[in-house]
Amino acid sequence: MAIEYASARIVHKPWGSTDLRPWSKIPADKAVGELWFQRANLNAPDPALLLKMLFTKAPLSIQVHPDDAFAQSIGLAHGKSEAWYILSAAPGAKVAIGLKRPVKPAQLRSAIEDGSIAGLIQWRRVVADEVVFVPAGAIHAIGAGLVIAEIQQRSDATFRLFDYGRGRELHVDNAVGAAHTGPAEPQPAEERLSDARTLLISSPHFIVERIVLAPKSNWDLHAERETWLFGVKGDTQIGPVKAIAGEAVFIDEDDAEIKAGADGFTGLLTYLGPKPITDILHNLTDKSANAAVRDLSRPRQPALRPSNRLTEARP
Ligand SMILES: O=P(O)(O)OC[C@H]1O[C@@H](O)[C@@H](O)[C@@H](O)[C@@H]1O
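In every chain, residue numbers begin from 1 and rise along the written sequence. Owing to the predicted nature of the model, reporting of local features is limited to residues with pLDDT of at least 70; listing and counting of side-chain atom pairs is limited to 80 or more, with chain, interface and lining totals taken over all residues. In computing side-chain values, all of the structure's heavy atoms are included and hydrogens and water are not.

(A) Looking closely at the nonpolar core. Residues Met-53, Leu-87, Phe-230 and Leu-268 are the most contacted members of the largest nonpolar core, which totals 30 residues. Residue contributions to this core peak at 4 residues, all from strand E4 (residues 49-56). Either an automatic procedure or a domain database provided the assignment from which the domain bounds are taken. Split by domain, the residues of this core number at least three in each of domain 1 (2-178) and domain 2 (191-294). A contact between two residues is defined here by any heavy atoms of the two lying within 4.5 Å. Leaving out residues up to four positions away in the same chain, Met-53 has contacts with Trp-23, Gly-33, Glu-34, Leu-35, Phe-37, Leu-87, Val-147, Ile-148, Phe-230 and Gly-246. Nonpolar core, defined: a set of buried Ala, Val, Leu, Ile, Met, Phe, Trp, Tyr and Cys residues in which side-chain atoms within 4.5 Å join the residues together. Think of it in three bands: residues with accessible area under 20% of the maximum for their type are buried, residues over 50% are exposed, and the middle band is partly exposed, with areas taken using a 1.4 Å probe on protein chains only. Membership of the second largest hydrophobic core comes to 26 residues, among which are Leu-229, Ala-260, Tyr-271 and Ile-280. Strands here mean DSSP runs of E at least two residues long; helices mean DSSP runs of H or I at least four residues long; both are numbered from the N terminus.

Structure follows, in structure tokens:
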């Protein structure tokens, strides 16, 4: 049983930022790329999900992550699917997912070797509050000017295809072996579950919901399995723990009473897949609202939004 304020581990990156405000007060005299949220007790077993914040001053590498089968074939425990929730985006900030056109693995290899992969990936603009699912195998990149909350399988298996001459290692064989060599699949559609809950991502490895809690409303979070709550806006009290935007709480096999602050609270609720849980969150202020939550034991209507829904951007 656990309800813990998550501490943040700093990871320096060449593309990181020295100004993490307003999301974090951590002083950064050297570029910070990532904050990794971790359990209060560093000796506790690692959770299966890794929640991070990313701060990008320059583009990240063009990269791909393996799926579970590929990861296991090279001796890793599992692969890495991830999702990005855009917390803030400078005007014109962009991400890339998938290729502009299908290519053969040998063509992908040459494009990595001669650097032309940089012109082959499909960029698109992103805006705050957008979510992007990056399944294992999707070639992707993140541009400059973004602050992102990332939810991922706990894995550090990143195979780089291109790195803007920064001198970091590329992983050509593994990248070609792990990558889907064509355009990205359409992004999943968001699904409104209730007034407070919107299902953003439902994947075999993790579920991501956005919750919007009315000012001073009270809730019960019933976390049967590993669950993270990340603050996007406002403040909240979760059991004994206070959290504001940019902070995270880890809950496992526990019931936590949530009280939204005077301005309400918007957060990301993320937990282990494979399926969203109907009764993970109960409204204690307005009990009649619980009956209106969509029954998740019934299958979801297939609804996809096109991957090019947003304005396409030049690389
Ligand atoms: O290889 P670099 O550019 O440092 O990027 C590595 C980072 O890439 C992002 O897309 C995410 O997958 C992060 O979890 C990862 O740490």
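(B) The environment of Ile-277, seen in detail. Within the secondary structure, Ile-277 is located in the loop between strand E21 (254-272) and strand E22 (281-283). Among the residues examined, Ile-277 registers a relative accessible area of 12% and is labelled buried. For the pair formed by Ile-277 and Pro-188, sequence separation is 89 residues and the distance between their alpha carbons is 18 Å. For Ile-277, the contacting residues outside a window of four places in its chain are Arg-197, Glu-209, Arg-225, Tyr-271 and Leu-296.

(C) Region of the structure containing unusual backbone geometry. Here the residue pair Arg-21 and Pro-22 is connected by a cis peptide bond, since its omega of 0° sits within 30 degrees of zero. Its location among the elements puts Pro-22 in the loop between strand E2 (7-17) and strand E3 (32-38). The omega torsion across Gly-273 and Pro-274 is 10°, close enough to zero to call that bond cis. Among the secondary structure elements, Pro-274 is positioned in the loop between E21 and E22. The phi dihedral of Tyr-164 falls on the positive side, at around 55°, and the residue is not glycine. Of note, Tyr-164 is situated in the loop between strand E12 (159-162) and helix H3 (172-178). At Glu-253, a residue that is not glycine, the phi angle is positive and equals roughly 45°. Relative to the elements of secondary structure, Glu-253 occurs in the loop between strand E20 (248-252) and E21.

(D) The site of the ligand, seen in detail. Think of it this way: one heavy atom of a residue within 4 Å of a molecule or strand is enough to make that residue near it. Around the ligand there are 16 residues in total, and Glu-34, Lys-52, Glu-82, Glu-150 and Arg-168 lie nearest to it. Ser-61 is positioned with one of its backbone polar atoms (N or O) 2.9 Å from an oxygen atom of the ligand. Between His-65 and the ligand, the recorded distance is 2.9 Å, taken from a side-chain N or O atom to an oxygen atom. Per-residue accessibility takes into account occlusion by the displayed protein chains alone, with areas from the Shrake-Rupley method and a 1.4 Å probe. Notes on the ligand: free accessible area 400 Å², of which the protein chains cover 98%. Between N or O atoms, a polar contact is any pair within 3.5 Å; within protein, one atom must be a potential hydrogen donor and the other a potential acceptor, and residues adjacent in sequence are included only when both atoms are from side chains.

(E) Local environment of the domain arrangement of the protein. When the domains of the protein are assigned, the result is domain 1 (2-178) and domain 2 (191-294). The gap between the C-alpha centroids of domain 1 and domain 2 is 25 Å. In this assembly, 27 residues from domain 1 lie in contact with 31 residues from domain 2. With both chains or domains summed, domain 1 and domain 2 bury close to 2,600 Å², and 73% of this area falls on carbon and sulfur atoms. Per-residue buried area on domain 1 facing domain 2 is highest for Ile-3, Tyr-5 and Leu-49; these three make up 27% of the total on that side. Salt bridges are defined as contacts in which a side-chain nitrogen from Lys or Arg sits within 4 Å of a carboxyl oxygen from Asp or Glu. Taken together, domain 1 and domain 2 are joined by 0 salt bridges. The set of elements that each furnish at least two residues to the side of domain 1 that touches domain 2 consists of strand E1 (2-5), E3, E4, strand E6 (82-89), strand E9 (131-134) and strand E11 (146-153). Residues that form the side of domain 1 that touches domain 2 fall into these classes: 18 nonpolar, 4 polar and 5 charged. Two parts placed together each lose some accessible area under a 1.4 Å probe, and adding up what both lose gives the buried area. Classification used: nonpolar for Ala, Val, Leu, Ile, Met, Phe, Trp, Tyr, Cys and Pro, charged for Asp, Glu, Lys and Arg, polar for all others including Gly.

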